[in-house]
Amino acid sequence: MGNFLWGPHALCMPKEIDLSCMVSKLREAIMKINADFVKDLQGDGGFSKLYELMKGKIIALSSIECSSGMNYIAFTSWCNFGFYDIDFGWGKPMWVSYVGSSNDLETVFVNIIILMDTRSGDGIEAWVTLDQEDMTMLAQDKELLDFASFDPSPIK
């Protein structure tokens, strides 16, 4: 019942942080999401299988070698999903975003970059969630600012 989304996960240890190694690990992870993977998650035993998969990811990410100074970042692209074409009965959206958190609270969604189409369809918005120190550095990156603007108007 309903829809389900599962993304590939690739864990790279400190000796594996060169680009070719990370790409290779990510490709391996993507190849594991195939028809057999989907079939295993269907039917009566599907929820149990999903639970075990999620439990394994949590154990891997919380292991001693990973939790001691591990840096992570998640990327996802919501481009070409057609969010601006959806009409739930009150018209098409003026602006599409993802759920964030209050300015008063630390977000649990840290180190995530979500790419989305702009309303006009001629650009890409990058929703970037980093800790305060990293966000301050990013906001001052002159090379990035040559190509991007922070907090542009969503209605233009």
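Counting of residues starts from 1 at the beginning of each chain's written sequence and follows it residue by residue. With the structure being a predicted model, the display of local features is reserved for residues of pLDDT at least 70 and the display and counting of side-chain atom pairs for 80 or more, all residues being used for whole-chain, interface and lining totals. Note that water and hydrogens are dropped before the side-chain values are worked out from all heavy atoms of the structure.

Counting its regular elements, the protein contains six helices and three strands. Exposed residues in this analysis have more than 50% of their type's maximum accessible area, buried residues have under 20%, and partly exposed residues fall in between, with area computed by a 1.4 Å probe over protein chains only. When each of the 156 residues of the protein is scored for burial, the buried share is 13%. Working rule for contacts: check all heavy atoms of both residues, and any pair within 4.5 Å makes them a contact. Taking the intrachain contacts of the protein between residues at least 6 apart in sequence as the baseline, contacts between residues at least 24 apart amount to 45%. All accessible-area figures derive from a Shrake-Rupley calculation using a 1.4 Å probe, and residue coverage is judged against the displayed protein chains alone. Just so you have it, the protein exposes about 12900 Å², and 59% of that area is on carbon and sulfur atoms. Numbering of helices and strands runs from the N terminus, with a helix taken as a DSSP run of H or I at least four residues long and a strand as a DSSP run of E at least two residues long.

Before going further, it helps to spend a moment on the nonpolar core. Nonpolar side chains in soluble globular proteins tend to be buried together. Counting five residues, the largest nonpolar core consists of Tyr84, Val96, Tyr98, Ile114 and Met116. Residues in contact with Tyr98, not counting those within four places in the same chain, are Trp78, Ile114, Trp127 and Thr129. Nonpolar cores are built from buried Ala, Val, Leu, Ile, Met, Phe, Trp, Tyr and Cys residues. Side-chain atoms within 4.5 Å join them into one set.

The quantity known as pLDDT measures the predictor's confidence residue by residue, on a range of 0 to 100. For the protein, per-residue confidence averages 79 on the pLDDT scale, and residues scoring 70 or more make up 80% of the total. Averaged over each element, pLDDT in the protein is lowest for helix H4 (residues 64–67) (57) and highest for helix H6 (residues 142–145) (90).

Moving on to the pairing of strand E2 (residues 112–117). The sheet contact formed by strand E1 (residues 74–77) and E2 spans four bridges and is parallel. In the sheet register, Ser77 faces E2, and the bridge partner there is Leu115. Sheet analysis places E2 next to strand E3 (residues 124–129), joined by six bridges and oriented antiparallel. Paired with Ile112 across the bridge in E3 is Thr129. Note on pairing: DSSP must find at least two bridges between two strands before they are called paired. Between E2 and E3, which pair antiparallel in sequence order, lie six residues; one of them, Gly121, sits at a positive phi of approximately 80 degrees.

Located in the positive-phi region is Asn80, a residue other than glycine, with phi close to 65 degrees. By the secondary structure assignment, Asn80 is in the loop between E1 and E2.

Geometry of aromatic contacts follows a simple scheme: Phe, Tyr and Trp rings, the Trp one being its six-membered ring, pair when their centres are within 6.5 Å, and the pair is stacked under 30 degrees between planes, edge-to-face over 60, tilted otherwise. Scanning the entire structure with this criterion turns up four aromatic pairs. A centroid spacing of 5.9 Å and a plane angle of 70 degrees characterise the contact between Trp78 and Phe83, whose relative ring orientation is edge-to-face. One aromatic cluster in this structure is built from Trp78, Phe81 and Phe83.

Moving on, we come to a nonpolar patch on the surface. Each patch groups residues whose relative accessible area exceeds 30% and which form no salt bridge, using 9 Å between like charges and 5 Å between nonpolar side chains of Val, Leu, Ile, Met, Phe, Trp and Tyr. Salt bridge, as applied in this entry: a Lys or Arg side-chain nitrogen positioned within 4 Å of an Asp or Glu carboxyl oxygen. Together, Ile17, Leu19, Met22 and Val23 make up a nonpolar patch on the protein surface, roughly 370 Å² of accessible area in all. Its location among the elements puts Leu19 in helix H1 (residues 19–31).

Let us now look at the sheet that holds E2. Strand order in the open sheet made by the three strands is E1-E2-E3, with mixed pairing throughout. Every other strand in the sheet has two partners, leaving E1 and E3 as the edge strands with one partner each. The mean inter-strand angle of the sheet, taken between neighbouring strand axes irrespective of direction, is 15 degrees. Angles run from 0 to 180 degrees between N-to-C directions of axes, and those axes are lines fitted to C-alpha atoms, restricted for helices to the stretch in contact.

With respect to the helices and strands, Glu125 occurs in strand E3. Counted as positive: Lys and Arg. Counted as negative: Asp and Glu, with His and the chain ends omitted from the count. Look at Glu125: it is buried, it has no salt bridge, and the nearest opposite charge is Arg119 at 9.3 Å. Among the polar contacts listed, one links the side chain of Glu125 to the side chain of Trp127, at a separation of 3.1 Å. Leave out the neighbours within four places in its chain, and Glu125 touches Tyr84, Trp95, Val96, Ile114, Leu115, Met116 and Thr118. A 3.5 Å cut-off defines polar contacts: any pair of N or O atoms within that distance qualifies, except that in protein one atom must be a possible hydrogen donor and the other a possible acceptor, and neighbouring residues in sequence count only when both atoms are side-chain atoms.

Attention now goes to the environment of Lys49. One can find Lys49 in helix H3 (residues 46–62). On the accessibility criterion, Lys49 (36% relative accessible area) is partly exposed. Measuring from C-alpha to C-alpha, the distance between Lys49 and Phe37 comes to 9.9 Å, with twelve residues separating the pair along the chain. Dropping the residues within four chain positions of it, Lys49 is found in contact with Asp40 and Leu41.

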